[in-house]
Amino acid sequence: MRLLIVEDERRLALSLARGLTAEGYAVDVVHDGLEGLHRASESPYDLVVLDIMLPGLNGYRVCSALRAAGNDVPILMLTAKDGEYDEAEGLDTGADDYLTKPFSYVVLVARIRALLRRRGTGGGTPVIEAGELRLDTGARRVLRQGTEVALTAKEFAVLEQLALRPGQVVSKTEILEHVWDFAYEGDPNIVEVYVSALRRKLGAELIRTVRGAGYRLEAPR
């Protein structure tokens, strides 16, 4: 999943980005509201972590502008302010959740996962089932026919993109956009490297290459 952090406290933003990258997310970071609005409007993010007190454009206005444009990306607001009126204002502008600084990193990650689950599964359990595969997105575990298969964070993230659309073709570009961050300028064939690793671990027959189009996870019922 691809996340955008809009936070002007650079040390905090960097710390969050490092932690969330280690969790297997692709993370982009910007430090002002105008750039945050531009990035969130132009790129396909799965969730935005949005500070309220920002230069250029505050978080309330960024959130309101995104919602007015029909962008329904989940938004988790961060702020050093406290009080029920601040929280109400954030939620009234369209934010999905609200976290007051200082906060626990563990709580932040739990809130992010809950918002992603709510969007992806309608509030159900964080489990994706695709044929012989069962992905527990909360625990980052993969089972094939009941046997656990150890995957790295990036391998899991690539597989998750395929498992969300079993039987459908997912392009290399779509995988890059959701698994690697905006600043990635390396070889796009990195996707092939991770698909090859998944085939070795899960079985070559599960992931098919559709020439010129992308990859398809075979998930017979």
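Owing to the predicted nature of the structure, the values given are computational and were not obtained by experimental measurement.

Thresholds, definitions, all that
Residues numbered from 1 in each chain as written. Predicted model: local features only at pLDDT ≥ 70, side-chain atom pairs only at ≥ 80, totals over all residues. Heavy atoms only, no water. pLDDT = per-residue confidence, 0-100. Helix = DSSP H or I, 4+ residues; strand = E, 2+ residues; numbered from the N terminus. Contact = heavy atoms within 4.5 Å. Pairing = 2+ DSSP bridges. Axes fitted to C-alpha atoms, helices over the stretch in contact; angles between N-to-C directions. Buried < 20%, exposed > 50% of the residue type's maximum accessible area, 1.4 Å probe, protein only. Arc of directions from axis to C-beta. Polar contact = N/O pair within 3.5 Å; in protein donor to acceptor, adjacent residues only side chain to side chain. Core = buried A, V, L, I, M, F, W, Y, C linked by side-chain atoms within 4.5 Å.

Student: Mind showing me how you'd approach the confidence of the model for the protein chain here?
Tutor: As a general rule, the predicted coordinates of low-pLDDT regions are not to be interpreted in detail. On average, residues of the protein chain carry a pLDDT of 84, and 87% of them reach 70 or more. In the model of the protein chain, helix α4 (residues 84–92) stands out as the element of lowest mean pLDDT, 54, in contrast to strand β3 (residues 47–51), which has the highest, 95. Across residues 121–125 the pLDDT falls below 50, and counting only partners more than four positions away or on other chains, this stretch makes five contacts in the model.

Student: Looking at this structure, how should I read the sheet that holds strand β2 (residues 26–30)?
Tutor: To summarise the sheet geometry, strands pair through backbone hydrogen bonds and adopt either a parallel or an antiparallel arrangement. On the basis of which strands lie adjacent, the open sheet formed by five strands has the order β2-β1-β3-β4-β5 and parallel pairing. Of all the strands in the sheet, just β2 and β5 (97–100) have a single pairing partner and so form its edges. Strand-to-strand twist of the sheet, defined as the mean angle between neighbouring strand axes without regard to direction, takes the value 20°. Here β3 pairs with strand β4 (residues 75–79) via four bridges, running parallel. Directly across from Asp51, in β4, lies its bridge partner Leu78.

Student: Could you clarify how one ought to interpret the sheet that holds strand β7 (residues 133–136) in this entry?
Tutor: Strand order in the open sheet made by the four strands is β6-β7-β8-β9, with antiparallel pairing throughout. The sheet terminates laterally at β6 (127–130) and β9 (147–149), the two strands that pair on one side only. Strand after strand, the sheet turns through a mean of 25° between neighbouring axes, direction not considered. Pairing geometry for strand β8 (residues 141–144) and β9, over three bridges, is antiparallel. Looking at the pairing, Leu143 lines up with Glu148 of β9.

Student: I keep staring at helix α3 (residues 59–68) and nothing clicks. Help me out?
Tutor: Three or four residues apart is the spacing at which side chains of an α-helix point the same way, because the helix has 3.6 residues per turn. Among all positions in α3, only Gly59, Tyr60, Val62, Cys63 and Leu66 are buried. For α3, the angular spread of the buried residues around the axis is 165°, confining them to a single face. In α3, the exposed residues that point more than 90 degrees away from the buried face are Arg61 and Ala68. Looking at where α3 begins, the residue whose side-chain oxygen comes 3.0 Å from the main-chain nitrogen of Tyr60 is Asn58. Gly70 sits one or two residues past α3 and shows a positive phi near 85°.

Student: I would appreciate a short explanation of the nonpolar core in the present structure.
Tutor: Nonpolar side chains in soluble globular proteins tend to end up buried together. Counting 26 residues, the largest nonpolar core has Leu135, Leu159, Ile175, Leu202, Ile207 and Leu217 as its most contacted members. Mapped by element, the contributors of at least two residues to this core are β6, β7, α6 (153–163), α7 (172–179), α8 (190–202) and β12 (214–217). Of all the elements, α6 adds the most residues to this core, at six residues. For Ile175, the contacting residues outside a window of four places in its chain are Val158, Leu162, Val170, Trp180, Val191 and Tyr215.

Student: Teacher, can you tell me more about the side chain of Asp97 here?
Tutor: On the secondary structure map, Asp97 appears in strand β5. Accessibility expressed as a relative area gives 19% for Asp97, which makes it buried. Engagement of the side chain of Asp97 in a polar contact is seen with the side chain of Arg111, the distance being 3.2 Å.

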